[in-house]
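# Architecture and fold: a report
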Amino acid sequence: MKTKKLLYILFFIVLLSVYMNLAWDAAGRISPIYYNMIMGAIFTGFALLHGNTYIGRKSMIVLALLTFIISFIMEYEGVKTGVIFGEYYYGNVLGPKALETVPWLIPLSWFMFMYVSTITVDAAFGRNYTGWVAMFLFAVLDSMAMTALDILIDPLWVTRGTWVWTAVNHLPAGSVFYGIPTQNYFGWLLTTMMIFIPYRICYFMNKSSLIERNRDYFLPCLIYASIVGVGCIEALTILSNKGVMFVSLMTGGLFSIGSLLGFMTWRNQSKQNT
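Residues numbered from 1 in each chain as written. Predicted model: local features only at pLDDT ≥ 70, side-chain atom pairs only at ≥ 80, totals over all residues. Heavy atoms only, no water.

## Observations regarding the packing of aromatic side chains
Operational definition: Here a pair means two rings of Phe, Tyr or Trp (six-membered ring of Trp) with centres within 6.5 Å. Their orientation is stacked below 30 degrees between planes, edge-to-face above 60, and tilted elsewhere. Strands are runs of DSSP state E lasting at least 2 residues, helices are runs of H or I lasting at least 4, and numbering of each runs from the N terminus. Each residue's exposure class comes from its accessible area (1.4 Å probe, protein chains only) as a fraction of the maximum for that residue type: buried when under 20%, exposed when over 50%, partly exposed otherwise. Here, over-ring charges are defined by two tests on the NZ atom of lysine or the CZ atom of arginine: distance to the ring centre within 6 Å, and angle to the ring normal within 35 degrees.
Tallying each qualifying case throughout the model produces 23 aromatic pairs. Relative to Trp110, the ring of Phe85 has its centre 6.4 Å away and its plane inclined at 50 degrees; by these criteria the two rings are tilted. Within this pair, whereas Phe85 is found in the loop between helix H3 (57–81) and strand S1 (88–90), its partner Trp110 is found in helix H4 (residues 105–125), the two being separated by 25 residues in sequence. Here Phe85 falls in the buried class, since its relative accessible area comes to 1%. Since its relative accessible area comes to 3%, Trp110 is described here as buried. Taking the centre distance of 5.7 Å and the plane angle of 75 degrees together, the rings of Tyr88 and Tyr90 count as edge-to-face. Residue Tyr88 shares its accessibility class with Tyr90, and that shared class is buried. Three or more aromatic residues joined by ring pairs form one cluster here, namely Phe85, Tyr88, Tyr90, Trp110, Trp163, Trp165 and Trp188. For Arg200, the ring lying beneath its charged end belongs to Tyr203, and the centroid distance is 5.1 Å.

## Points about the nonpolar core
Using the following cut-off: In this text, buried Ala, Val, Leu, Ile, Met, Phe, Trp, Tyr and Cys residues form a nonpolar core when linked through side-chain atoms within 4.5 Å. Whether two residues touch is decided by their heavy atoms; if any such pair falls within 4.5 Å, the residues are in contact.
Phe46, Leu63, Phe85, Leu149, Trp163, Ile223 and Tyr224 are the most contacted members of the largest nonpolar core, which totals 83 residues. The element best represented in this core is helix H5 (residues 132–158), accounting for 14 residues. Apart from residues no more than four positions distant in its own chain, Leu63 is found in contact with Phe111, Tyr115, Thr118, Ile195, Phe196 and Tyr199.

## A closer look at a nonpolar patch on the surface
The criterion, for reference: Like charges are joined within 9 Å and nonpolar side chains (Val, Leu, Ile, Met, Phe, Trp, Tyr) within 5 Å, but only among residues with over 30% relative accessible area and no salt bridge; these make up the patches. Accessibility throughout is a Shrake-Rupley quantity obtained with a 1.4 Å probe, and a residue counts as covered only by protein chains that appear here. Salt bridges, as used here, are contacts in which a Lys or Arg side-chain nitrogen is within 4 Å of a carboxyl oxygen on Asp or Glu.
Taken together, the side chains of Phe246, Leu249, Met250, Leu254, Ile257, Leu260, Leu261 and Met264 present a nonpolar region at the surface, about 750 Å² in accessible area. As for its placement among the helices and strands, Met250 is situated in helix H8 (residues 242–273).

## Topic: the pattern of salt bridges
Scanning the model with the defined rule gives 3 salt bridges in all. Note that Asp216 and Lys4 form a salt bridge whose closest N and O atoms lie 4.0 Å from each other. Taken as a pair, Asp216 in the loop between helix H6 (182–206) and helix H7 (219–237) and Lys4 in helix H1 (residues 2–26) lie far apart in primary sequence, 212 residues in all. You can call Asp216 buried: its relative accessible area is 6%. A residue is classified by how much of its surface remains accessible, and Lys4, at 40% relative accessible area, is partly exposed.

## Focus: the packing of H4 against H5
Selection rule: Comment: axis = line fitted to C-alpha atoms, over the contacting stretch for helices; angle = value between 0 and 180 degrees taken between N-to-C directions. For this classification, under 35 degrees means roughly parallel, over 145 means roughly antiparallel, 65 to 115 means roughly perpendicular, and everything else is oblique. Left-handed describes a crossing whose near helix is turned anticlockwise from the far helix by less than a right angle; the clockwise case is right-handed. Three classes are used, and their members are as follows: Ala, Val, Leu, Ile, Met, Phe, Trp, Tyr, Cys and Pro are nonpolar, Asp, Glu, Lys and Arg are charged, and the others, Gly among them, are polar.
Direction vectors running N to C along H4 and H5 enclose 125 degrees, while the axes themselves pass 9 Å from each other. Judged by the inter-axis angle, H4 sits oblique to H5. Where H4 crosses over H5, the two elements pack in a sense that is right-handed. Here H4 contributes Trp110, Phe113, Met114, Val116, Ser117, Thr118, Val121, Asp122 and Phe125 to the contact with H5, which in turn contributes Phe138, Leu141, Asp142, Ala145, Met146, Leu149 and Ile153. Broken down by class, the residue content of the contact of H4 with H5 amounts to 12 nonpolar, 2 polar and 2 charged.

Structure representation (structure tokens):
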């Protein structure tokens with residue numbers, strides 16, 4: 001019971017922090033560094049606690065370690081070389097930087113979004129699959145769901161000085177997507193696939209020992225859908241860009257609808273079994 005209460009407390013704080021972005025926007029302010037770091041720690045705590053129960057400790061450790069290590073390496077090389085995500089650098093909004101390059105909060109951010117993305121995919125498509133083909137396909141879907149969030153995150157946070165693209169004006173029109181180099185999104189797909197493929201292998205090998213789904217399993221799906229919803233509102237109010245909103249609805253929005261349908265299917269089955 002104590003674990004469940006803690007899970008709910010962390011969940012409501014995380015969900016509130018997502019909607020707080022609208023409050024910061026209305027006040028014309030950027031969320032302060034200490035707030036971002038505290039929320040990042042709470043979000044990470046929620047993901048670890050939820051994942052330990054619903055995807056298993058082994059899979060949770062694999063996902064967390066791979067995300068922290070690979071995302072940092074890719075971000076560091078990305079900032080230094082511009083080869084992976086395009087030429088960019090981080091501002092001071094996210095706090096202290098490791099090796100004076102990548103904020104410590106960035107690997108945590110990757111992990112937070114990676115976790116809600118993979119749970120949303122599982123909720124939308126189920127987990128009664130086996131075989132190597134299924135492992136690979138789910139890793140692809142995970143990467144697509146994660147990159148769908150980046151379609152919203154990057155244009156919005158650029159306006160806040162979180163990171164700055166330094167060569168966008170010199171790129172051909174076809175190489176820029178709503179102010180962001182298209183190379184960035186391919187970099188996200190590559191990075192997330194490097195993490196999700198080994199994670200999915202571990203997950204599929206150990207999923208037979210997982211507990212059955214219950215209502216709490218779907219909590220990360222609500223966070224994912226809220227990020228998409230709030231981001232779409234901000235795309236209209238901050239960016240005045242219906243294009244970003246439309247693309248987000250057609251990507252992250254579809255994953256959110258899929259997870260909602262998955263929840264409704266689970267609920268109907270639960271009613272039939274009682």
